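The residues making up each chain are set out below.
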Amino acid sequence: ATFSKPLFAAEVSPAERQTKMGLESFQRGDFEQAVLNWTEASQLYARGGDIPQQCQALVYLSQADQALGRYKEAGKNLESALALAEKAGDRTQLASALGALGNLYVATGPPDTAQKYLNEGLRVARELDNPALSAVILNNLGNALTVQKKYSEAVVTYSQAVTLAESTKNPSLAARALTNASAASMHNGQYKEAKALLDKALDQVRALETSHDKAAGLINIGLAYSDLRSNLTEAEDSLFLAAY
């Protein structure tokens, strides 16, 4: 006889359960709960000697800390993840930790330190032929370039992130990179290009399932449409309605 489902489902470990719960909490915007889940997950992975998953949990934990403005804690967790990845020789987790550290320095400075970590993380991700991770790092590298007012370079970098995000079926990241590219284009005085990028970002965001990412994406796009009004007077009314 054949069965459409296995007789026994694979058992999920407590650490895996905490990791999944953390992801669900983060998607809801419940960052405090995500911190609790991922702290527990990292400790459980450590006790079980699962270094790659411990590294991943620490990177996740740093993202929740950063969302709460806890930059010092985020930095400590990422330094721990980086040390573990280096000790284990896990290049995927190494690239992830380097990229996350670079993103942290985008927020806290200095920007040249951010770019150093991001470039190193991107180099490793590309050597691993990991387009999903490369897309994340490229978006953050675009942010670093924008902070340094290198807007043309930033737009090119964001465009590379969009291409990889779309190829790896990550519409949330694609929308974020498109919105970021639009902001860089606005700073560069390319207002029509900025609107076209926002229109594409809006299509991507509307297709997302309900989440904190979707809400934040819609708010950011609405604010960007509003900012464009003074520079695209011929489309002022339509931009007002789009922002609304």
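If you're wondering where the values come from, they're calculated on a predicted model, not measured in any experiment.

> Got a minute to help me understand the packing of helix α10 (residues 191–206) against helix α11 (residues 212–228) in this structure?
Two measures define how a pair of helices packs: the angle their axes make with one another and the distance between the axes. Where α10 contacts α11, the two axes come as close as 10 Å, and the packing angle between them is 155 degrees. Viewed along their axes, α10 and α11 adopt a mutual orientation that is roughly antiparallel. In terms of crossing hand, the pair formed by α10 and α11 is left-handed. Residues Tyr191, Ala194, Lys195, Leu198, Asp199, Ala201, Leu202, Val205 and Arg206 of α10 lie in contact with α11, whose contacting residues are Lys214, Gly217, Leu218, Ile221, Ala224, Tyr225 and Leu228.

> Just to check I follow, could you spell out the nonpolar core for this structure?
Taken as a class, soluble globular proteins show a tendency for nonpolar side chains to be buried jointly. Membership of the largest hydrophobic core comes to 38 residues, with the highest contact counts inside it found for Ile221 and Leu228. Elements supplying a minimum of two residues to this core: α5 (91–108), α6 (111–127), α7 (131–147), α8 (151–167), α9 (171–187), α10 and α11. Sequence-distant contacts of Leu228, that is, excluding residues within four places in its chain, are made with Met186, Tyr191, Ala194, Lys195, Leu198 and Leu239.

> What is the right way to read the environment of Cys55 from this model?
Along the polypeptide, Cys55 turns up in helix α3 (residues 51–67). Looking at Cys55, the relative accessible area reads 1%, which means it is buried. Considering only alpha carbons, one finds Cys55 and Gly102, 47 residues apart in sequence, at a separation of 16 Å. Not counting residues within four places of it along the chain, the set of residues in contact with Cys55 comprises Ala81, Leu84, Ala85 and Gln93.

> Mind showing me how you'd approach the pattern of salt bridges here?
Oppositely charged side chains may form a pair once their charged atoms are brought near each other. For the coordinates displayed, the defined rule picks out 10 salt bridges. Residue Glu24 is joined to Lys20 by a salt bridge in which the shortest nitrogen-to-oxygen separation is 2.6 Å. Pair noted here: Glu24 and Lys20 are both in helix α1 (residues 14–28), with a separation of 4 residues, about one helical turn. With a relative accessible area of 36%, Glu24 lands in the partly exposed category. Among the salt bridges present, the one from Glu120 reaches Arg123, with a minimum N-O distance of 2.5 Å. Taken together, the residues Glu120 and Arg123, both in helix α6 and 3 residues apart, mark about one turn of the helix. Among the residues examined, Glu120 registers a relative accessible area of 32% and is labelled partly exposed. The network of salt bridges with common partners includes Arg91, Glu120, Arg123 and Glu127.

Conventions used here
Residues numbered from 1 in each chain as written. Predicted model: local features only at pLDDT ≥ 70, side-chain atom pairs only at ≥ 80, totals over all residues. Heavy atoms only, no water. Axes fitted to C-alpha atoms, helices over the stretch in contact; angles between N-to-C directions. Helix = DSSP H or I, 4+ residues; strand = E, 2+ residues; numbered from the N terminus. Parallel < 35°, antiparallel > 145°, perpendicular 65-115°, else oblique. Left-handed = near helix turned anticlockwise from the far one by under 90°. Contact = heavy atoms within 4.5 Å. Core = buried A, V, L, I, M, F, W, Y, C linked by side-chain atoms within 4.5 Å. Buried < 20%, exposed > 50% of the residue type's maximum accessible area, 1.4 Å probe, protein only. Salt bridge = Lys/Arg side-chain N within 4 Å of Asp/Glu carboxyl O.

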